[in-house]
Amino acid sequence: MLKRFFLVALIWLAPAAHAAPTEEMFTKLKAATEEAEAADVAADIWATWLESGSATVDLLMERAVMADAAGDTDTARELLDRVILLKPDYPEAYHRRAGLFLETENYPEALRDLNETLKLEPRHFGAWLGMGMMLESLGGEQEALDSYREALSIYPLMPQARFAADRLAKKAEGQEL
C-alpha cells in the first residue's frame, strides 16, 4: 500500500513537460559540413533528449544508463520500465529500452519501443538507426536502407548510418562487397 502511494505521489510530482531539442538544433545538425561539428550538435540534442523535465525520472534514467554500462541489463530494464510508467510521453526512455531489447535480439519488443520513440519524436535519428540495424539483421535490407536514409535526412553526417546506407545501396545495385 505504501509502495502504491509513493508511486502515485511520484506521478503527480512529475511535471508534464520535458525538454526538447529546438528546430535551430536540427537545422544546425542538417547544415553541418564537418563530422566533428555535426557530432557536437548531435551530442547537444542527445543531452536535451535525456532531460525529461522531472528530477525523479532523470535520476532513474541516470541509474538505468549506469546499470546498462555496468552490464546489469535486468536492473536497467526495470528502471526504464519505471521511467515509462512515470512518464509515458518520454521518447528517450523507450529508445533506451529498445536498445536493451536489441542487444538480446528481442525484436518484437524492440520494434514496439522504437515505434513508440518515433511516434513521440519523429526526428530521433538514433531510433531510425536502431530500426535500420534491426531490420537489416532480420533480412529486410530495403526497409533497413529506408531507415538509415531517414536517419541521414535528419543527421546527414551520422557515421554509422552513412556507412550502413552506402553498404546496402551498393548491395542493392548489385555491387556485392
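Here we summarise the structure given alongside this text. (Residues numbered from 1 in each chain as written. Predicted model: local features only at pLDDT ≥ 70, side-chain atom pairs only at ≥ 80, totals over all residues. Heavy atoms only, no water.)

Here the focus is the side chain of Asp-113. Within the secondary structure, Asp-113 sits in helix H7 (residues 107–120). Apart from residues no more than four positions distant in its own chain, Asp-113 is found in contact with Tyr-94, Arg-97, Ala-98 and Phe-101. (Helix = DSSP H or I, 4+ residues; strand = E, 2+ residues; numbered from the N terminus. Contact = heavy atoms within 4.5 Å.)

Let us now look at helix H2 (residues 23–31). The α-helix winds at 3.6 residues per turn, so residues separated by three or four positions along the chain end up facing the same way. The set of residues buried in H2 consists of Met-25, Phe-26 and Leu-29. Buried residues in H2, looked at end-on, bunch into an arc of 95°, giving them a common side. In this structure, H2 carries Glu-23, Glu-24, Thr-27 and Ala-31 as exposed residues pointing more than 90 degrees from its buried face. Structurally, H2 contributes buried residues whose contacts are with helix H3 (35–49), helix H8 (125–137) and helix H9 (141–154). (Buried < 20%, exposed > 50% of the residue type's maximum accessible area, 1.4 Å probe, protein only. Arc of directions from axis to C-beta.)

If you check helix H10 (residues 159–172), its first and last C-alpha atoms are 20 Å apart, about what 14 residues at 1.5 Å a residue would give, namely 20 Å. In the core, the buried residues of H10 are packed alongside H8 and H9. (Expected span 1.5 Å × (residues − 1).)

All right, on to the layout of surface pockets then. Of the pockets and cavities examined, the largest pocket occupies roughly 340 Å³. Along the walls of the largest pocket sit 20 residues, with His-95, Arg-96, Gly-99, Leu-100 and Glu-103 positioned nearest its centre. If you tally residues by element for the lining of the largest pocket, the top one is helix H6 (residues 91–103), at seven residues. (1 Å grid on protein atoms, 1.4 Å probe; cavity = no way out; pocket = protein on both sides within 12 Å on 5 of 7 lines; lining within 4 Å. Points joined across faces, edges and corners; volume = space filled by probe spheres on them.)

With that settled, the discussion passes to the nonpolar core. Nonpolar side chains in soluble globular proteins tend to end up buried together. Formed by 34 residues in total, the largest nonpolar core has its most connected members in Phe-26, Leu-29, Ile-45, Phe-125, Tyr-148, Tyr-155 and Met-158. At the level of elements, H2, H3, H6, H7, H8, H9 and H10 are the ones that each hand at least two residues to this core. Leaving out residues up to four positions away in the same chain, Met-158 has contacts with Phe-125, Gly-126, Leu-129, Ala-151 and Leu-152. Among the nonpolar cores identified, the runner-up in size contains 15 residues, and Leu-80, Ile-84, Leu-86 and Tyr-90 belong to it. (Core = buried A, V, L, I, M, F, W, Y, C linked by side-chain atoms within 4.5 Å.)

Now for the pattern of salt bridges. Considering all chains together, one arrives at 14 salt bridges under this definition. One salt bridge in this structure joins Asp-81 and Arg-77, with 3.5 Å as the shortest N-O distance. Placement of the pair is Asp-81 and Arg-77 together in helix H5 (residues 73–86), with a separation of four residues, close to one helical turn. Among the salt bridges present, the one from Arg-96 reaches Glu-92, with a minimum N-O distance of 2.6 Å. Of this pair, Arg-96 and Glu-92 both sit in helix H6, separated by four residues, roughly a single helical turn. Classification of Glu-92 as buried rests on a relative accessible area of 1%. What you see here is one network of salt bridges that share partners, running through Arg-77, Asp-81, Arg-97, Glu-109, Arg-112 and Asp-113. (Salt bridge = Lys/Arg side-chain N within 4 Å of Asp/Glu carboxyl O.)

Remark: helix H4 (residues 55–69) packs on H6, axes separated minimally by 11 Å, with the N-to-C direction vectors making an angle of 15°. Classed by the angle they form, the pair H4 and H6 counts as roughly parallel. In this structure, H4 crosses over H6, and the sense of that crossing is left-handed. Where H4 approaches H6, its residues Met-61, Val-65 and Asp-68 are matched on the opposing element by Glu-92, Ala-93, Arg-96, Leu-100 and Glu-103. (Axes fitted to C-alpha atoms, helices over the stretch in contact; angles between N-to-C directions. Parallel < 35°, antiparallel > 145°, perpendicular 65-115°, else oblique. Left-handed = near helix turned anticlockwise from the far one by under 90°.)

Right, let's talk about the packing of H9 against H10 for a bit. Contact geometry of H9 with H10 gives a least axis separation of 9 Å together with a crossing angle of 140°. Every pair of crossing elements has a handedness; the one defined by H9 and H10 is left-handed. In this structure, H9 uses Glu-141, Ala-144, Leu-145, Tyr-148, Arg-149, Ala-151 and Leu-152 to contact H10, whose residues at the interface are Ala-161, Arg-162, Ala-164, Ala-165, Leu-168, Ala-169 and Lys-171. The residue inventory of the contact of H9 with H10, partitioned by class, reads 10 nonpolar, no polar and four charged. (Nonpolar A, V, L, I, M, F, W, Y, C, P; charged D, E, K, R; others polar.)

Turning our eyes to something else, we now look at unusual backbone geometry. Positioned with a positive phi, Glu-105 is a non-glycine residue whose angle comes to about 55°. Mapped onto the fold, Glu-105 is located in the loop between H6 and H7. Its relative accessible area of 57% is what places Glu-105 among the exposed residues.

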